[in-house]
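Structural features, examined
So you can see what is in the structure, the chains are spelled out below.
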Amino acid sequence: MTKPVTDLIHHPYIPPAGFAAPQPPVYKASTVIFKDVAAMRARDWRSKAGYTYGLHGTPTTFMLEERIATLEGGKHCVLYPSGLAAISGVGTALLSSGDEVLIPSNVYGPNKALCEGEFRRWGITHQVYDSMDLADFERRIGPKTKLVWLEAPGSVSMEFPAIDEQARICRQRGVLSALDNTWAGGVALNGFDAGCDIVVHALTKYPSGGGDVLMGAVVTRDDALNEKIKLAHMRLGFGVGANDAESLLRSLPSLPVRYAAHDRAARELASWLSTRGEIAQLLHPAFAGSPGHENWNRLCGGHAAGLFSVLFDQRFTQAQVDRFCDSLRLFKLGYSWGGPVSLVVPYDMSQIRLAHHWPEKGILVRFSVGLEDVQDLRADIQQSLEGMK
Ligand SMILES: Cc1ncc(COP(=O)(O)O)c(C=O)c1O
């Protein structure tokens, strides 16, 4: 007779098989149990035909990987605990001491910080290319270049580079290109069709859609490239929690509908704001006159995210623009995007050390449009504009 505590751990009851529900089940595990020693010894952790250890995959994380690979038009997907971890995962998998990585002038800031910090310390150099100047792009690719990051659009400056041309040049020169495709949400742009080798997606944004989950994905089509990335992923101990994976699986089916709603509302607000006397320039790739609009037109099938920036007229001081942001009631002050709550961030572009090509004057405010009623959002911006004068 076993004792009650043992019975609670090794209970004989097994529920009937065949349970079906719309939402996939959540499997939680660090330890995975093998049926015998032979199965344990035979197990190759790299194969998705079975399970080894929670860190190397559960049915829940495998399911999410397959869906994200499909979303991005790739073959393989590896999950990371944040979008930034996915970015660092690519670099650490592919770069060695003596190599060089190129990053665009509009790069997501922490990617640049990684190059300036750990990569420099490890003997990996980097160069920043002008994201809108193909000649500058091509000139900077040299014999040491092993990886080139592409990003469209800049997530603050909003200019849309010709990433198809950039990817073509990378192919010609024999270097790998990795696209941070977070803005496109898996809806607006297929990075592989544009010619990229690696697509990174911060699932934290539109795929999560709740502003409550941090996760990232690296998607590839090439088997050998995936193997390299997966090996480094394992050695570095990256993994994601089952509950976070479940949240993503729940949010994914509504992604295209949410993305379109964010897009619609953002364009309506952007269009109205651009007519206001306080605004000197609208930066939204779907609007003619925004830098790289022609590239967006060619590559994005008419889709755009719920993000845009505006430059306030130069007569407004930083303090006034700060007051505008502080006076908003529905738009909250916060980084990130893709959730239901609308957000703003004021940026002093001279402090960002962004581009070789940032001639614009005036304080920039980036809007991330959520899912609130668009007329309410417009009224909120209007009352705040009135208050800043
Ligand atoms: C363009 C872009 N890429 C990557 C990331 C990183 O995502 P995470 O916040 O999940 O690390 C962000 C986050 O703001 C982003 O804006």
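See the structure shown above.
The structure contained in this document is the topic of the report that follows. (Residues numbered from 1 in each chain as written. Predicted model: local features only at pLDDT ≥ 70, side-chain atom pairs only at ≥ 80, totals over all residues. Heavy atoms only, no water.)

A word on the overall build of the protein chain. Regarding its fold elements, the protein chain presents 14 helices and 12 strands. Relative to the compact-globule value of 21 Å for 389 residues, the protein chain shows a C-alpha radius of gyration of 23 Å, a close match. Expressed along its principal axes, the backbone C-alpha trace of the protein chain runs to roughly 85 × 50 × 35 Å. Partitioning the contacts of the protein chain with sequence separation of at least 6, the portion at a separation of at least 24 is 73%. Carbon and sulfur atoms provide 55% of the accessible area of the protein chain, an area that totals close to 17700 Å². Treating the 39 positive side-chain charges of the protein chain as one cloud and the 41 negative ones as another, the clouds have centres 4 Å apart. (Helix = DSSP H or I, 4+ residues; strand = E, 2+ residues; numbered from the N terminus. Rg over C-alpha atoms; globule rule 2.2 N^0.38 Å. Contact = heavy atoms within 4.5 Å. Areas by Shrake-Rupley, 256 points an atom, 1.4 Å probe, with all protein chains shown as cover. Lys, Arg positive; Asp, Glu negative; His and termini not counted. Charge placed at Lys NZ, Arg CZ, Asp CG, Glu CD.)

Our focus in this paragraph is the site of the ligand. The ligand sits among 13 residues. The nearest are Gly 83, Leu 84, Asp 180, Thr 204 and Lys 205. One of the side-chain N or O atoms of Asp 180 is found 2.7 Å from a nitrogen atom in the ligand. Bound to the protein, the ligand loses 89% of the 390 Å² it would expose on its own. In terms of residues, the shell around the ligand owes the most to one element, helix H4 (residues 83–94), which gives 3 residues. Each residue belonging to the shell around the ligand can be placed in one class, and the counts come to 6 nonpolar, 4 polar and 3 charged. (Near = heavy atom within 4 Å. Polar contact = N/O pair within 3.5 Å; in protein donor to acceptor, adjacent residues only side chain to side chain. Nonpolar A, V, L, I, M, F, W, Y, C, P; charged D, E, K, R; others polar.)

Right, let's get into helix H9 (residues 242–251). Of all the positions in H9, only Ala 242, Ala 245, Glu 246, Leu 248, Leu 249 and Ser 251 are classed as buried. Along its buried surface, H9 packs onto helix H3 (59–71) and helix H10 (255–273). (Buried < 20%, exposed > 50% of the residue type's maximum accessible area, 1.4 Å probe, protein only.)

The next thing to look at is the pairing of strand E11 (residues 343–347). Within E11, 4 of the 5 residues are buried, which leaves the element mostly enclosed by the surrounding structure. Summarising the sheet, strand E10 (residues 332–333) and E11 pair through 2 bridges and their orientation is parallel. By the bridge assignment for E11, Lys 332 is matched with Leu 343. As paired elements, E11 and strand E12 (residues 364–368) share 5 bridges and run antiparallel to each other. The residue bridging Leu 343 from the neighbouring strand is Ser 368, located in E12. (Pairing = 2+ DSSP bridges.)

In terms of strand pairing, strand E2 (residues 100–104) meets strand E3 (residues 125–129) through 5 bridges, oriented parallel. The residue bridging Ile 103 from the neighbouring strand is Val 128, located in E3.

Let us now look at unusual backbone geometry. A cis amide bond links Ala 152 to the next residue, Pro 153, at an omega of -10°. Mapped onto the fold, Pro 153 is located in the loop between strand E4 (145–151) and helix H7 (163–173). One non-glycine residue, Met 158, lies in positive phi territory at about 70°. In this structure, Met 158 sits in the loop between E4 and H7. Residues other than glycine seldom take positive phi values, yet Ser 336 does so here, at roughly 80°. For Ser 336, a relative accessible area of 23% corresponds to the partly exposed category.

For the rest of this paragraph, the subject is the environment of Gly 370. The residue Gly 370 is located in the loop between E12 and helix H14 (374–387) in this model. The class for Gly 370 is buried, based on a relative accessible area of 1%. Distance from Gly 370 to Arg 258, taken between C-alpha atoms, is 9.3 Å for residues 112 residues apart in sequence. Discounting residues that sit within four places of it in the chain, Gly 370 has contacts with His 262, Gly 339, Pro 340, Val 341 and Ser 342.

Don't take any of this as a statement about function, it's just geometry.
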